[in-house]
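Structure assessment
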Amino acid sequence: ARTVMGDSTNVVHILEQISTLQIQRGNYGEGLQYMREALQILIDLLGNEHVNVASCWYNVGLIHQQLNQTFETNHSFVTALRIYKKNGYDDYHPSVQALRQSIDHLDHSGKNNSLEIGLRDGSGRGSCGSIRLSIGTGREKSSI
């Protein structure tokens, strides 16, 4: 028998996959809705300060960035960075570096052509850290 946590992480993973498919089809708004739903489930399961929640906030920010929603992008990135820092991630951790680069990129340019969903935090499947894609390629890749 599966546990509630196991079922919920499977739901998160499915929502991530649906989000990815919507984004690949250019449906960023729908992709954002599915990623936000995954985020809410993770918050309900793990609390606001878990690293998987930070990774999902990063993903939400990347989608906002594609929608040219600067305020929401910045909010999502800063929220993710705050959670990582609260969990003891230093400035040299790849997730923190990716966020800082994303924030710098946001400050220095407009919409970019590539969207990578998922930080390499080793959290595995169903954590909002399991999807990586490039806009326009139609190919999904694992983030390992």
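None of the values given here were measured: they were computed from a predicted structure. (Residues numbered from 1 in each chain as written. Predicted model: local features only at pLDDT ≥ 70, side-chain atom pairs only at ≥ 80, totals over all residues. Heavy atoms only, no water.)

A short note on the overall build of the chain
Counting its regular elements, the chain contains five helices and two strands. The N-to-C order of helical and strand elements in the chain reads α-α-α-α-α-β-β. Burial status across the chain gives 46% buried among its 144 residues. Counting contacts in the chain only where the partners sit at least 6 residues apart, residues at least 24 apart contribute 59% of the total. Split by element, the accessible area of the chain, about 7,400 Å² in all, is 49% carbon and sulfur. (Helix = DSSP H or I, 4+ residues; strand = E, 2+ residues; numbered from the N terminus. Buried < 20%, exposed > 50% of the residue type's maximum accessible area, 1.4 Å probe, protein only. Contact = heavy atoms within 4.5 Å. Areas by Shrake-Rupley, 256 points an atom, 1.4 Å probe, with all protein chains shown as cover.)

Things to note about helix H3 (residues 51–66)
In this model H3 runs 23 Å from its N-terminal to its C-terminal C-alpha over 16 residues, within 8% of the 22 Å that 1.5 Å per residue would give. For H3, a buried count of 16 out of 16 residues is recorded, marking the element as mostly surrounded by other parts of the structure. Immediately beyond the C-terminal end of H3, within one or two residues, lies Asn 68, with a positive phi of roughly 60°. (Expected span 1.5 Å × (residues − 1).)

Some thoughts on the pattern of salt bridges
Scanning the model with the defined rule gives three salt bridges in all. With its nearest N and O atoms 2.6 Å apart, the salt bridge here joins Asp 91 to Lys 85. The salt bridge partner of Asp 91 is Arg 100, with a shortest N-O separation of 3.2 Å. Among the charged side chains, a network of salt bridges with common partners joins Lys 85, Asp 91 and Arg 100. (Salt bridge = Lys/Arg side-chain N within 4 Å of Asp/Glu carboxyl O.)

Regarding the nonpolar core
Among the nonpolar cores identified, the biggest contains 30 residues, and Leu 39, Val 53, Trp 57, Tyr 58, Tyr 84 and Leu 99 are the most heavily contacted of them. Sort the elements by how many residues they give to this core and H3 lands first, with nine residues. (Core = buried A, V, L, I, M, F, W, Y, C linked by side-chain atoms within 4.5 Å.)

Some remarks on the confidence of the model for the chain
In this model, the chain carries an average pLDDT of 79, and 71% of its residues clear a pLDDT of 70 or more. Contacts for the low-pLDDT stretch residues 111–126, under 50 throughout, to residues beyond four places or in other chains number 61 contacts. In the predicted structure, residues 130–144 sits below a pLDDT of 50 and forms 44 contacts with residues beyond four places in sequence or in another chain. (pLDDT = per-residue confidence, 0-100.)

Focus on unusual backbone geometry
Here the phi dihedral of Asn 68 falls at roughly 60°; this positive angle occurs in a residue that is not glycine. Looking at the element boundaries, Asn 68 is found in the loop between H3 and helix H4 (70–86).

Description of the packing of H3 against helix H5 (residues 94–108)
Interaxial distance between H3 and H5 falls to 12 Å at its minimum, and their mutual angle equals 20°. The pairing of H3 with H5 is recorded here as roughly parallel in orientation. The handedness of the crossing between H3 and H5 is left-handed. Of the residues in H5, those in contact with Tyr 58, Leu 62 and Gln 65 of H3 are Ala 98, Leu 99, Ser 102, His 105 and Leu 106. For the contact of H3 with H5, the class distribution of residues is five nonpolar, three polar and no charged. (Axes fitted to C-alpha atoms, helices over the stretch in contact; angles between N-to-C directions. Parallel < 35°, antiparallel > 145°, perpendicular 65-115°, else oblique. Left-handed = near helix turned anticlockwise from the far one by under 90°. Nonpolar A, V, L, I, M, F, W, Y, C, P; charged D, E, K, R; others polar.)

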